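Remarks on the overall topology
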Amino acid sequence: MKTVLSMVALSFLSALALSPVHADEVKDKQKDLIEKQQELTKKQEEVHEKQVELNQANQEVSIERGREANKSMQQISRASKITGAKVKNTTGDSLGDIKDLVIDPQNGQVVYAVVSFGGLMGMGDKLFAIPWRALRWTSPRDYYILDLDKETLKTAPGFDKRHWPESSEKWEEQREALSQFYRVVP
C-alpha cells in the first residue's frame, strides 16, 4: 500500500511539474495560430482589394470598348447596311440577322440591334433587343459577333414580331435586364 501511495504521489508531483511547461506550450501555439490567422485575414483583404480593382478596370475597359465600337459603327455604317447583317457567335455559329435598330431619341445613338432568331423562313422568329455594345463588327467578313452561344440566346429576353415595346419607357424598363444578360454597361 505504501508503494501505491508513493506512486500516486510521484505521479501527482510529476503532473504538477509538467503543467506549467505544457500550459506555456499551449499558449505559444495559440499565439502562433492567432498571428497566422491575422496574416491570413490581411492577405484575404489584399486579395479582395485587388479583385475590386481588377473588376473596376475590366468594367472601364468594357465601357471604353463599347463606346469606341459604337462610335466607329455610328460613323461608318449606314442603317441599310446594318439591317440584314448576319450575327454570329465567336465560334462562327449563326445566331440570326439584324432586323432593325433602336435609336435613343435623346442622343441619336443606336441602343439596340433587334436580331431575329429561330423559326423557318421568317415564320416563328423570336426577336431580341441586343445592346449595341454587345456586338462587334468584323470588318472584312461583313457580320457582327455576339459572344453568346445558341442555347443561351434561346433563354434571352425577347419578344415576337407583333408585340414590340411601344414606348421609350418600355425600352428603358428592359435596358437594365438586357444589359445584365448581355454583360454590358448601359
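Everything in this summary refers to the structure shown in the same document. These figures come from a predicted structure and were not determined experimentally. (Residues numbered from 1 in each chain as written. Predicted model: local features only at pLDDT ≥ 70, side-chain atom pairs only at ≥ 80, totals over all residues. Heavy atoms only, no water.)

1. Some details on the nonpolar core
Counting 31 residues, the largest nonpolar core has Ile98, Leu135, Leu146 and Tyr182 as the members making the most contacts within it. Sorting the residues of this core by element identifies strand 2 (94-103), strand 3 (110-117), strand 4 (126-131), strand 6 (143-146) and helix 4 (168-181) as the ones contributing at least two each. Sorting elements by how many residues they give to this core places strand 3 first, with seven residues. In this view, Ile98 contacts Ile82, Thr83, Gly84, Ala85, Val87, Ala113, Val114, Val115, Leu135 and Tyr144; residues no more than four positions away in its chain are not counted. (Core = buried A, V, L, I, M, F, W, Y, C linked by side-chain atoms within 4.5 Å. Buried < 20%, exposed > 50% of the residue type's maximum accessible area, 1.4 Å probe, protein only. Helix = DSSP H or I, 4+ residues; strand = E, 2+ residues; numbered from the N terminus. Contact = heavy atoms within 4.5 Å.)

2. Structural notes on the sheet that holds strand 2
Sheet architecture is open: six strands sit in the order 4-3-2-1-6-5, paired in mixed fashion. The open sheet is flanked by strand 4 and strand 5 (135-138), the only strands paired with a single partner. Pairwise comparison of adjacent strand axes, ignoring direction, gives a mean angle of 40 degrees for this sheet. When strand 1 (residues 86-88) meets strand 2, the two strands line up antiparallel, connected through three bridges. Bridged to Val87 within strand 2 is Gly96. (Pairing = 2+ DSSP bridges. Axes fitted to C-alpha atoms, helices over the stretch in contact; angles between N-to-C directions.)

3. A look at the side chain of Asp97
Positionally, Asp97 belongs in strand 2. Residue classification places Asp97 among the buried positions, given a relative accessible area of 15%. Among the polar contacts listed, one links the side chain of Asp97 to the side chain of Lys99, at a separation of 3.4 Å. Ignoring anything within four residues of it in the chain, the contact list for Asp97 reads Gly84, Ala85, Lys86, Val87, Val114, Val115 and Ser116. (Polar contact = N/O pair within 3.5 Å; in protein donor to acceptor, adjacent residues only side chain to side chain.)

4. Some details on a negative patch on the surface
Taken together, the side chains of Asp24, Glu25, Asp28, Asp32, Glu35 and Glu39 present a region of like negative charge at the surface. Here Glu35 lies in helix 1 (residues 2-76). Residue class for Glu35 comes out partly exposed when judged on its relative accessible area of 35%. (Patch = residues over 30% accessible without salt bridge, like charges linked within 9 Å, V, L, I, M, F, W, Y side chains within 5 Å. Areas by Shrake-Rupley, 256 points an atom, 1.4 Å probe, with all protein chains shown as cover. Salt bridge = Lys/Arg side-chain N within 4 Å of Asp/Glu carboxyl O. Lys, Arg positive; Asp, Glu negative; His and termini not counted. Charge placed at Lys NZ, Arg CZ, Asp CG, Glu CD.)

5. Let's talk about the packing of aromatic side chains
Under the definition given, this model contains three aromatic pairs. Relative to Phe128, the ring of Phe117 has its centre 6.2 Å away and its plane inclined at 55 degrees; by these criteria the two rings are tilted. In this pair, Phe117 sits in strand 3 while Phe128 sits in strand 4, placing the two residues eleven residues apart along the sequence. A single burial state applies to Phe117 and to Phe128, both of which are buried. Members of the aromatic cluster, joined through ring pairs, are Trp132, Trp137 and Tyr144. Over the aromatic face of Tyr143 sits the side chain of Lys88, whose NZ or CZ is 4.5 Å from the ring centroid. (Phe/Tyr/Trp six-rings, centres within 6.5 Å; stacked < 30°, edge-to-face > 60°. Lys NZ or Arg CZ within 6 Å of the ring centre and 35° of its normal.)

6. What to know about the pairing of strand 4
Here strand 4 lies mainly inside the structure; five of its six residues are buried. Looking at chain direction, strand 3 and strand 4 are connected through six bridges and run antiparallel. Looking at the pairing, Val114 lines up with Ala129 of strand 4.

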